[in-house]
Amino acid sequence: MKRLLLLALVFPVLTAWGAERQVATLDDPAGDDHGNGTLVYPQREDFQPGDLDLLSLRIVRTDDAYRFEATFRNPIRNPASVAGDVGPESLSNFARRGFYAFNLDLYFDQDRVQGSGNTYTLPGRHVNIDASHAWEKAVILTPRPELMRRQLIDALAESEGARNPDDVAQRIDRSILLPSELRVRNRSISFTVPAAFLAGGRPAFSAR
């Protein structure tokens, strides 16, 4: 699965609320899906300008979870309608979550301490985060979360020379969540993050 676009947002910690309520809605201007002006879409018929144009990210707190809803300019393409790279099978055989064309990376700066936390992003992103916004937790929405988790464990274990991949997996699971509970509707995709995963940090929310 090709990683076609990284949408990276850095947040401080989310606060805990006793009852369901909207935490924030982050709006993004339409028509800016060209990055710094040099980003171009894949030369394929199943990608059109606007497909990767994120318009808003809405965050709602329930009793025990946060629900994130990302809305794009165009309807989200269903992998069931697209043939795979090999053979006649549709992409839905491989991307079973109802989307395939993008990843959405959210990085949370929970302690707001200069140099405290991580500045790397996932393999293939080719992006580093400034130390002043170093993150403690990350939520990575991807069409194949199980595969991404396995690749991340293998990459980190190899880079560290770790003898026990299970130890690496435990550390990853404490800091990186790959949601599997999600819903795709027209131009929006929503997913759930347990509140316990994002617990701790400063008691304030603002976009960074």
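Scroll up for the structure.
Residues numbered from 1 in each chain as written. Predicted model: local features only at pLDDT ≥ 70, side-chain atom pairs only at ≥ 80, totals over all residues. Heavy atoms only, no water.

Draft legend 1. Molecular detail of the packing of aromatic side chains. This model, assessed by the stated rule, comprises 7 aromatic pairs. Here the aromatic rings of Phe68 and Phe191 are separated by 5.4 Å at their centres, their planes lie at 5°, and the arrangement is stacked. Note that Phe68 is positioned in strand β4 (residues 65–72) and Phe191 in strand β9 (residues 188–194), a separation of 123 residues in sequence. Since its relative accessible area comes to 1%, Phe191 is described here as buried. Counting every residue linked through ring pairs, the aromatic cluster contains Phe68, Phe108 and Phe191. For the cation-ring pair, Lys137 lies above Phe197, with the distance from its terminal atom to the ring centre recorded as 4.7 Å. (Phe/Tyr/Trp six-rings, centres within 6.5 Å; stacked < 30°, edge-to-face > 60°. Helix = DSSP H or I, 4+ residues; strand = E, 2+ residues; numbered from the N terminus. Buried < 20%, exposed > 50% of the residue type's maximum accessible area, 1.4 Å probe, protein only. Lys NZ or Arg CZ within 6 Å of the ring centre and 35° of its normal.)

Draft legend 2. Looking closely at the environment of Arg185. Mapping Arg185 onto the fold places it in strand β8 (residues 182–185). Once the C-alpha coordinates of Arg185 and Gly98 are considered, the two residues, 87 residues apart in sequence, prove to be 9.3 Å apart.

Draft legend 3. Representation of the pairing of strand β6 (residues 137–141). When you tally the buried positions in β6, you get 5 out of 5 residues, the bulk of the element. Side-chain alternation along β6 places Lys137, Val139 and Leu141 on one buried face and Ala138 and Ile140 on a second face that is also buried. Here 5 bridges tie strand β5 (residues 103–109) to β6, and the two strands are oriented antiparallel to one another. If you follow Leu104 over to β6, its bridge partner there is Leu141. Pairing of β6 with strand β7 (residues 176–177) involves 2 bridges; the strand directions are parallel. (Pairing = 2+ DSSP bridges.)

Draft legend 4. Region of interest: empty space enclosed by the protein. Within this structure, the stated rule accounts for 2 cavities of 30 Å³ or more. Looking at the largest cavity, its volume works out to about 50 Å³. If you go around the largest cavity, the residues you meet are Asp51, Leu52, Pro75, Ile76, Arg77, Ala101 and Phe102. In terms of residue class, the lining of the largest cavity is built from 5 nonpolar, no polar and 2 charged. (1 Å grid on protein atoms, 1.4 Å probe; cavity = no way out; pocket = protein on both sides within 12 Å on 5 of 7 lines; lining within 4 Å. Points joined across faces, edges and corners; volume = space filled by probe spheres on them. Nonpolar A, V, L, I, M, F, W, Y, C, P; charged D, E, K, R; others polar.)

Draft legend 5. Region of interest: the pairing of β8. Both β8 and β9 contribute to a ladder of 4 bridges, which runs antiparallel. Pairing of Leu182 across the sheet is with Phe191, part of β9. Joining the antiparallel neighbours β8 and β9 is a turn of 2 residues, in which Asn186 adopts a positive phi near 55°.

Draft legend 6. Geometry of the pattern of salt bridges. Counting across every chain of the model gives 8 salt bridges. Across the pair Arg73 and Asp33 runs a salt bridge whose closest N-O atoms are separated by 3.7 Å. Here Arg73 is found in the loop between β4 and β5, whereas its partner Asp33 is found in the loop between β2 (21–27) and β3 (54–61), with 40 residues between them in sequence. For Asp33, a relative accessible area of 13% gives the class buried. We note a salt bridge from Arg185 to Glu69, for which the minimum N-O separation is 4.0 Å. With Arg185 in strand β8 and Glu69 in strand β4, this pair connects stretches of sequence that are 116 residues apart. For Arg185, a relative accessible area of 47% puts it in the partly exposed group. Among the charged side chains, a salt-bridge network with shared partners connects Asp33, Asp53 and Arg73. (Salt bridge = Lys/Arg side-chain N within 4 Å of Asp/Glu carboxyl O.)

Draft legend 7. Seen up close, unusual backbone geometry. Of note, the phi angle at Arg112 is positive, near 55°, even though the residue is not glycine. In this fold, Arg112 is placed in the loop between β5 and β6.

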